[in-house]
Amino acid sequence: MMNVLVTGGAGFIGSNFIRHTLAAHPDCRVVCLDKLTYAGNLSTLSAAMENPNFRFVRADICDREAVFRLFEEERPDVAVNFAAESHVDRSIEDPGVFLRTNVIGTSVLMDAARQYGARRFHQVSTDEVYGDLPPDRPDLLFTEETPIRTSSPYSASKAAADLLVLAYHRTYGLPVTISRCSNNYGPYHFPEKLIPLMIVNALHDKPLPVYGEGLNVRDWLYVEDHCRAIDLIIRRGRDGEVYNVGGHNEMRNIDIVRLICRELNKPESLITFVKDRKGHDLRYAIDPAKIHRELGWSPETPFREGLKKTVAWYLANRSWWEDIISGEYQNYYERMYGDRGPA
Ligand code: NAD
Ligand code: DAU
């Protein structure tokens, strides 16, 4: 039985990955280690909790003693690191915790993976490590060879972790892989991020705060497609390699928000243009040719279909997000949007 350690599995993508793995590989044991920060939620894992092949442990990836104890107990074959501070706007507010979790935490996990002989350490990274692309050059895409050139404290911390992962491979021979994916969307997405925030606000007939003119472009991928890519990489990816993951689905923010209004039958007059994000990346676009060629991966969910499924999920799972937005989230929202002012 393959024993897979998933860190950050109570968050958006990690929890989808756990559901995917338990369903696709009944011969897998999955151990989730998560600190349960504001972004982690045990109710997200309630179905997995019923599965005898699943174990949840609450711990911080920076806590060396707790991490080593878990590796000693579980001897995972594979460790997949999703644990991170993941929101760009929060990193602009307070970079420190991003450096701690995203950089130091990754090194602690790799030290344990070395000591206990994991067959693979997989780092879930992001296309943001490549900086941004000019909106008027659709011919330019991020490849694995694109230089690292970060814009935000978040992306700088993720890039630092990537460099450390590659250094552990070169220096210690740790069998590593890295995936750099574009923007995900789908079920269990924390409502501080664009798509779920707009769905939740629209359902309350609240203003839809679009940064700047809404012309920034992101390359959206349905979360299940990302999970399939990681599953393939940890099984068949080559040690020491980076794989870009993306769906050739570039969209301007304003067009996404309009689509959400249409899906929910809400007026576009809810859209409010607010002061832009500092250092706001203009455009992301992934070239996924390598993962397609080497591992046969392709995205399967067209954006319109994925967005419909996502909106339907938020309508059917109100209690999940109502619990979130009734708590500390309100202070966050007030800090971020309260007196932000117009674009
Ligand atoms: P998320 O914020 O929804 O979840 C992060 C999870 O990590 C939470 O469960 C949180 O409790 C946990 N965590 C945070 N700090 C921790 C710590 N110190 N110790 C243990 N657990 C901790 O994030 P997400 O959107 O699911 O992203 C997961 C990973 O994928 C991140 O590494 C992110 O950089 C990367 N990524 C995200 C996207 C995206 O569009 N969301 C795209 C590409 C890559
Ligand atoms: O590209 C991958 C990255 O995608 C991941 O590494 C990050 O973890 C993830 O959070 C995401 O980063 P973005 O900054 O692209 O995602 P976010 O949902 O925060 O914003 C998407 C776009 O929408 C961005 O251009 C900013 C804009 N935006 C966002 C919010 C929250 C708005 O216009 N209004 C908003 O209220």
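Figured I'd write up the structure that's included with this text. Keep in mind that what you see is a predicted model, and the values were worked out from it rather than measured.

1. Side note on unusual backbone geometry
Then, number 1: Notably, Tyr188 is not glycine yet its phi reads approximately 70°, a positive angle.
Then, number 2: In this structure Tyr188 comes out as buried when scored by relative accessible area, which is 17%.
Then, number 3: One non-glycine residue, His248, lies in positive phi territory at about 50°.
Then, number 4: In this fold, His248 is placed in the loop between strand E11 (241–245) and strand E12 (250–252).

2. Some details on helix H1 (residues 12–24)
Then, number 1: Its 13 residues place the ends of H1 18 Å apart at the C-alpha level, agreeing with the 18 Å of an ideal helix rising 1.5 Å per residue.
Then, number 2: Counting buried positions along H1 yields ten of 13 residues, so the element is predominantly enclosed.
Then, number 3: Along H1, the positions that sit buried rather than exposed are Phe12, Ile13, Gly14, Ser15, Asn16, Phe17, Ile18, His20, Thr21 and Leu22.

3. Here we look at the site of ligand 1
Then, number 1: Every one of the 28 residues lining ligand 1 counts as a neighbour, but Ile13, Asp34, Ser86, Tyr154 and Lys158 are closest to it.
Then, number 2: Asn184 is positioned such that a nitrogen or oxygen atom in its backbone is 2.9 Å from an oxygen atom of ligand 1.
Then, number 3: Alone, ligand 1 offers 850 Å² of accessible surface; in the complex the protein occludes 96% of this.
Then, number 4: Only H1, strand E5 (120–126) and helix H6 (153–172) provide two or more residues apiece to the shell around ligand 1.
Then, number 5: Looking at the shell around ligand 1 element by element, the count peaks at three residues for E5.

4. A look at the site of ligand 2
Then, number 1: The full set close to ligand 2 counts 25 residues, and Asp127, Tyr154, Arg277, His280 and Tyr337 are the nearest of them.
Then, number 2: One of the backbone N or O atoms of Ser86 is found 2.7 Å from an oxygen atom in ligand 2.
Then, number 3: A distance of 2.8 Å separates a nitrogen atom of ligand 2 from a polar atom in the backbone of Pro209.
Then, number 4: Taking 690 Å² as the accessible area of ligand 2 by itself, protein coverage stands at 94%.
Then, number 5: Listing elements by their share of the shell around ligand 2, those giving two or more residues are helix H7 (194–203) and strand E8 (208–211).
Then, number 6: Of the residues assigned to the shell around ligand 2, the class counts are eleven nonpolar, eight polar and six charged.

5. Observations concerning the side chain of Thr310
Then, number 1: Looking at the element boundaries, Thr310 is found in helix H11 (residues 303–316).
Then, number 2: Of the residues examined, Thr310 reaches a relative accessible area of 1% and is grouped as buried.
Then, number 3: Setting aside chain neighbours within four positions, we find Thr310 in contact with Tyr185, Gly186, Ile195, Ile199 and Tyr222.

6. With respect to the pattern of salt bridges
Then, number 1: Tallied over the entire structure, the rule returns 31 salt bridges.
Then, number 2: Between Asp132 and Arg149 there is a salt bridge, and its shortest N-O distance comes to 3.2 Å. Of this pair, Asp132 sits in the loop between E5 and H6 while Arg149 sits in the loop between E5 and H6, and the two are 17 residues apart along the sequence.
Then, number 3: Salt bridges sharing partners connect three or more residues here, namely Arg29, Arg55, Glu73 and Glu74.

7. A few points about the environment of Leu36
Then, number 1: Tracing the backbone through its elements, the reader meets Leu36 in the loop between strand E2 (28–34) and helix H2 (46–49).
Then, number 2: Through-space distance from the C-alpha of Leu36 to that of Ala10 is 6.9 Å; in sequence the pair is 26 residues apart.

8. A closer look at the packing of aromatic side chains
Then, number 1: In total, this model carries 21 aromatic pairs according to the counting rule given.
Then, number 2: Between Phe17 and Phe82 the ring centres are 5.3 Å apart and the planes differ by 45°, which places this aromatic pair in the tilted class. Taken together, the residues span a long stretch of sequence, with Phe17 in helix H1 and Phe82 in the loop between strand E4 (78–81) and helix H4 (88–93) at a distance of 65 residues. Each member of the pair Phe17 and Phe82 is classed as buried.
Then, number 3: An aromatic cluster is defined as three or more aromatic residues linked by ring pairs; in this entry it consists of Tyr38, Phe190, Tyr211, Tyr329, Tyr332, Tyr333 and Tyr337.
Then, number 4: Over the aromatic face of Tyr284 sits the side chain of Arg218, whose NZ or CZ is 4.0 Å from the ring centroid.
Then, number 5: Note that Lys290 overlies the ring of Tyr243, its terminal NZ or CZ placed 4.9 Å from the centroid.

9. Topic: the pairing of E5
Then, number 1: A large share of E5 lies buried, amounting to seven of its seven residues.
Then, number 2: Because side chains alternate across E5, one face comprises the buried residues Arg120, His122, Val124 and Thr126, and the other comprises Phe121, Gln123 and Ser125, equally buried.
Then, number 3: In this view, the connection linking E5 to its parallel neighbour strand E6 (residues 176–181) by way of H6 has right-handed handedness.

10. Notes on the sheet that holds E11
Then, number 1: Ordered by their spatial adjacency, seven strands build an open sheet running E3-E2-E1-E4-E5-E6-E11, and the pairing between neighbours is parallel. Each edge of the open sheet carries a strand with a single partner, namely strand E3 (54–58) and E11. If you compare each strand with its neighbour and ignore which way they point, the axes differ by 20° on average.
Then, number 2: Relative to E6, E5 runs parallel, the two sharing six bridges. The residue bridging Thr126 from the neighbouring strand is Cys181, located in E6.
Then, number 3: On the sheet, H1 packs against strand E1 (2–7), E2, E3 and E4 and is oriented at approximately 165° with respect to E2.

Cut-off values and rules
Residues numbered from 1 in each chain as written. Chains lettered and ligands numbered in written order. Predicted model: local features only at pLDDT ≥ 70, side-chain atom pairs only at ≥ 80, totals over all residues. Heavy atoms only, no water. Buried < 20%, exposed > 50% of the residue type's maximum accessible area, 1.4 Å probe, protein only. Helix = DSSP H or I, 4+ residues; strand = E, 2+ residues; numbered from the N terminus. Expected span 1.5 Å × (residues − 1). Near = heavy atom within 4 Å. Polar contact = N/O pair within 3.5 Å; in protein donor to acceptor, adjacent residues only side chain to side chain. Areas by Shrake-Rupley, 256 points an atom, 1.4 Å probe, with all protein chains shown as cover. Nonpolar A, V, L, I, M, F, W, Y, C, P; charged D, E, K, R; others polar. Contact = heavy atoms within 4.5 Å. Salt bridge = Lys/Arg side-chain N within 4 Å of Asp/Glu carboxyl O. Phe/Tyr/Trp six-rings, centres within 6.5 Å; stacked < 30°, edge-to-face > 60°. Lys NZ or Arg CZ within 6 Å of the ring centre and 35° of its normal. Right-handed = clockwise from strand over helix to strand, strands pointing away. Pairing = 2+ DSSP bridges. Axes fitted to C-alpha atoms, helices over the stretch in contact; angles between N-to-C directions.

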